[in-house]
Amino acid sequence: MKIPKRLQPLLDAHMIEDVIGQLQSGKEAEVYVVRVKGELCCAKIYKEANNRTFKQKTQYTEGRKVRGSRRARAMESSSKYGRQEREAEWQNTEVDALYHLASVGVKVPKPLGYHEGVLLLQMVTDADGNPAPRLNDVDVTAEEARAYHLDLIRESVKILCAGLIHGDLSEFNVLKAADGLVIIDLPQAIQATANNAFGLFERDLSQLAAFFGRFAPEILETNYAKEIWKFFENGKLKPDTVLTGKFEGSNRKADVRAVMSEINDAREDEMEKRGFRNK
Ligand SMILES: Nc1ncnc2c1ncn2[C@@H]1O[C@H](COP(=O)(O)OP(=O)(O)OP(=O)(O)O)[C@@H](O)[C@H]1O
Ligand SMILES: [Mg+2]
């Protein structure tokens, strides 16, 4: 195929050998299938700052560690410089998070390099060797929903033990690979010590519960976020901490309502991201 301009520097640097085709073009990034050392991989091209919307993103930047006050000030401002800085920070966050999480055994695609605003990463595949579908695109039985839910709770705990929160965990950012689920799309990952960390963690888990609760409604009754957070705050959270999904003092009715409102918000966000409007 015709080489996309943004991938040319990677060909020139011999980081990729060939461009096979385009996988997906979203609002945030374009994903291509490329060949690296004879193997098919993904190249995620981040869109330029001025082509992107930064609406809804500011809450995420709050939790990042930013060195240098000029840079910190710039990130807070809405000047062009501030936007570019925020963009760079956004891209690096995903690269850093992927290397870190892959190294501690979280199921994410293995990062293979980053060059000129393009992230190279292992292609997640289905049983036929094709790019794996998103959870949102596959049929899920009640039994699978329960197993996947627990699996992703476990991965969220591992991520938290590694000091991070995904920040946009949902059925749209989990792929169903031949050998299990793989979590993708981490540009908005935040430090677990950030002010708004619990809120984002709870939202991540609510989005998962809302999705899997469609197939196994009892999942809507669980409350893992508060239980996990209590262990975390007390310095007692381990990747294999035994969890019940119950939290003392939790008000179930309120929890279900919160989950239902989360699912609506998530759906509206996703529709808006994809250029649909509700009305
Ligand atoms: N490593 C990978 N292996 C296979 N497919 C991938 C991989 N990374 C991304 N994809 C595909 O590309 C899509 C977009 O990737 P990603 O979610 O990282 O970017 P995005 O900018 O958030 O896109 P969107 O706005 O659609 O969520 C994914 O939904 C998935 O279908
Ligand atoms: Mg995505």
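Keep in mind that what you see is a predicted model, and the values were worked out from it rather than measured. (Residues numbered from 1 in each chain as written. Chains lettered and ligands numbered in written order. Predicted model: local features only at pLDDT ≥ 70, side-chain atom pairs only at ≥ 80, totals over all residues. Heavy atoms only, no water.)

**Some words on the packing of aromatic side chains**
What counts, and what does not: For Phe, Tyr and Trp, where Trp contributes only its six-membered ring, two rings pair if their centres lie within 6.5 Å, and the inter-plane angle classes them as stacked under 30 degrees, edge-to-face over 60, or tilted in between. To qualify as a helix, a DSSP run of H or I must reach at least 4 residues; to qualify as a strand, a run of E must reach at least 2; elements of each kind are numbered from the N terminus. Only protein chains enter the area calculation, which uses a 1.4 Å probe; residues under 20% of their type maximum are buried, those over 50% are exposed, and those in between are partly exposed.
The tally for this structure, following the rule as stated, stands at seven aromatic pairs. Between Tyr46 and Tyr114, the ring centres sit 6.5 Å apart and the planes meet at 70 degrees, which makes this aromatic pair edge-to-face. With Tyr46 in strand S3 (residues 39-46) and Tyr114 in strand S4 (residues 111-115), this pair connects stretches of sequence that are 68 residues apart. Plain terms: the ring middles of Phe201 and Trp229 are 5.5 Å apart, the flat faces sit at 40 degrees to each other, and that makes the pair tilted. Of this pair, Phe201 sits in helix H6 (residues 197-212) while Trp229 sits in helix H7 (residues 224-233); the two residues are 28 residues apart in sequence, bridging distant segments of the chain. Residues Phe201 and Trp229 agree in their burial class; the two are buried. Joined through ring pairs, the aromatic side chains of Tyr148, Phe211, Phe212 and Phe215 make up one cluster.

**Regarding the coordination of the magnesium ion (ligand 2)**
Defined as follows: Only N, O and S atoms count as donors, using a 2.8 Å cut-off from the metal and 3.2 Å for Na, K and Ca, and because water is excluded some sites may appear unfinished.
Surrounding the magnesium ion (ligand 2) are the protein donor atoms Asn173 (OD1) and Asp185 (OD), at 2.1 to 2.3 Å. Of this pair, Asn173 sits in the loop between strand S6 (164-165) and strand S7 (174-177) while Asp185 sits in the loop between strand S8 (180-183) and strand S9 (190-191), and the two are twelve residues apart along the sequence. Residues Asn173 and Asp185 agree in their burial class; the two are buried.

**A look at the sheet that holds S3**
Put simply, the rule reads: Two strands pair if DSSP finds at least two bridges between them. Helix axes are fitted to C-alpha atoms over the stretch in contact, other axes to C-alpha atoms as well, and angles between N-to-C directions run from 0 to 180 degrees.
Across the sheet, five strands lie side by side as S1-S2-S3-S5-S4; this open sheet has antiparallel pairing. Of all strands in the sheet, those bounded by a partner on one side alone are strand S1 (18-25) and S4. This sheet shows a mean twist of 25 degrees between the axes of neighbouring strands, independent of strand direction. In terms of strand pairing, S3 meets strand S5 (residues 118-122) through five bridges, oriented antiparallel. Looking at S5, one finds that Ala43 is bridged to Leu120.

**With respect to the site of ligand 1**
We apply this condition: Residues are classed as near a molecule or strand on a simple rule: at least one heavy atom within 4 Å of it. Pairs of N or O atoms within 3.5 Å make up the polar contacts considered here, provided that, within protein, one atom can donate a hydrogen while the other can accept it, and that residues adjacent in sequence are counted only when both atoms are side-chain atoms. For the area figures, the Shrake-Rupley method with a 1.4 Å probe applies, and any residue is considered shielded solely by the protein chains shown. Each residue gets one label: Ala, Val, Leu, Ile, Met, Phe, Trp, Tyr, Cys and Pro are nonpolar, Asp, Glu, Lys and Arg are charged, and the others, such as Gly, are polar.
With respect to spatial proximity, 19 residues lie near ligand 1, and among them Gln24, Glu28, Lys44, Val124 and Asp185 are the closest. Lys44 is positioned with one of its side-chain polar atoms (N or O) 2.6 Å from an oxygen atom of ligand 1. Backbone polar atom of Gln122 to a nitrogen atom of ligand 1: 2.9 Å apart, as the coordinates give it. Computed on the free molecule, ligand 1 has an accessible area of 600 Å², of which 95% lies beneath the protein chains in the complex. Of all the secondary structure elements, the ones that give two or more residues to the shell around ligand 1 are S1, strand S2 (29-36), S3 and S5. When its residues are assigned to classes, the shell around ligand 1 shows ten nonpolar, three polar and six charged.

**Considering the pairing of S5**
The element S5 is largely enclosed, with a buried count of four among its five residues. A loop of two residues connects S4 with S5, the two strands running antiparallel in sequence, and Glu116 in this loop sits at a positive phi of about 50 degrees.

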